[in-house]
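# Understanding the architecture of this molecule
Residue strings, one per chain:
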Amino acid sequence: MDIKLLVNITSRAWALPILAHLHDGVPGRQAPLLSATGATRTAFAQSLAHLIEIGLLERNPGHGHPLRPEFRLTPEGVTAAQLAHRVHAVPGEHKALLRRSWTLPILTTLNRPSRFNVVKHQLGRITDRALSQSLQTLEEHDWISRTVDGTSRPPHSIYHAINTGHAISEMACPLVTLR
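Summary of the structure given here. These figures come from a predicted structure and were not determined experimentally.

## Examining the packing of helix H2 (residues 15-23) against helix H3 (residues 30-37)
The packing of two helices is summarised by the inter-axis angle and the distance between the axes. Relative to each other, H2 and H3 sit at 115°, their axes nearing to 10 Å. Considering their axes alone, H2 and H3 lie roughly perpendicular with respect to each other. Classified by chirality, the crossing of H3 by H2 is right-handed. Contact residues: H2 offers Pro17, Ile18, His21 and Leu22, while H3 offers Leu33, Ala36 and Thr37. When its residues are assigned to classes, the contact of H2 with H3 shows five nonpolar, two polar and no charged.

In structure tokens form, the structure reads like this:
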């Protein structure tokens, strides 16, 4: 999977949990998925529509009532669902961080210590502010560590994944192609 697709998937808060639950065998109907994710109806519907729009889910044409459709993973969606399942299976605290837009893409780039601009380049369309705020949030929850290299001029920060962030990074990195 390409990093651009991962960024696109994580742009909706409940997309990864939906994919993970579909991979785990939760029936592909709205009521069971909504119950399993714990999302609000509006946020769930937006995430589901987004997954259909980017081609990871499709309506099952041979099953279900028109008002209660069933959804299934596309071949590309199976790969994304495997990643979502693996990421959600990692033990640790603060799993709600995984619903934030940039958490998983940032952790994927931090499989080795990296500077701010390297992470930004690998993610493509992230703004400085969004990256800075996301890195601060991940650091506050002990998912990444920041060290300052004072030997270079000017000094620069180096980020690397730790604890739960490291486990997620190690799991996601082999499945995602970086720039």
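The rest of the description comes next.
## A closer look at the nonpolar core
By size, the foremost hydrophobic cluster in this structure holds 50 residues, and its most contacted members are Ile9, Ile18, Ile106 and Leu123. It is H2 that contributes the most residues to this core, six residues altogether. The residues touching Ile106, leaving out its near neighbours within four places in the chain, are Leu123, Ile126, Leu131, Ser134, Leu135 and Leu138.

## Looking at the sheet that holds strand E4 (residues 144-149)
In any sheet, the strands associate via hydrogen bonds between backbone groups, in a parallel or an antiparallel arrangement. The three strands lie next to each other as E3-E5-E4, forming an open sheet whose pairing is antiparallel. Here the strands that pair on one side only, and so sit at the sheet edges, are strand E3 (114-115) and E4. Sheet topology note: the E4/strand E5 (residues 156-161) ladder contains six bridges and is antiparallel. For Arg146, the partnering residue across the bridge sits in E5 and is Tyr159.

## A few points about H3
Taken as a whole, H3 has its buried residues at Leu33, Leu34 and Thr37. Looking straight down H3, one finds its buried side chains confined to an arc of 100°; they lie on one side. Opposite its buried face, H3 presents the exposed residues Ala31 and Ser35, each directed more than 90 degrees away. Residues of H3 that are buried sit in contact with H2 and helix H4 (41-53). Backbone geometry just downstream of H3 places Gly38 in the positive-phi region, at approximately 80°.

About the cut-offs
Residues numbered from 1 in each chain as written. Predicted model: local features only at pLDDT ≥ 70, side-chain atom pairs only at ≥ 80, totals over all residues. Heavy atoms only, no water. Axes fitted to C-alpha atoms, helices over the stretch in contact; angles between N-to-C directions. Helix = DSSP H or I, 4+ residues; strand = E, 2+ residues; numbered from the N terminus. Parallel < 35°, antiparallel > 145°, perpendicular 65-115°, else oblique. Left-handed = near helix turned anticlockwise from the far one by under 90°. Contact = heavy atoms within 4.5 Å. Nonpolar A, V, L, I, M, F, W, Y, C, P; charged D, E, K, R; others polar. Core = buried A, V, L, I, M, F, W, Y, C linked by side-chain atoms within 4.5 Å. Buried < 20%, exposed > 50% of the residue type's maximum accessible area, 1.4 Å probe, protein only. Pairing = 2+ DSSP bridges. Arc of directions from axis to C-beta.

Coordinates in, geometry out; function isn't part of it.
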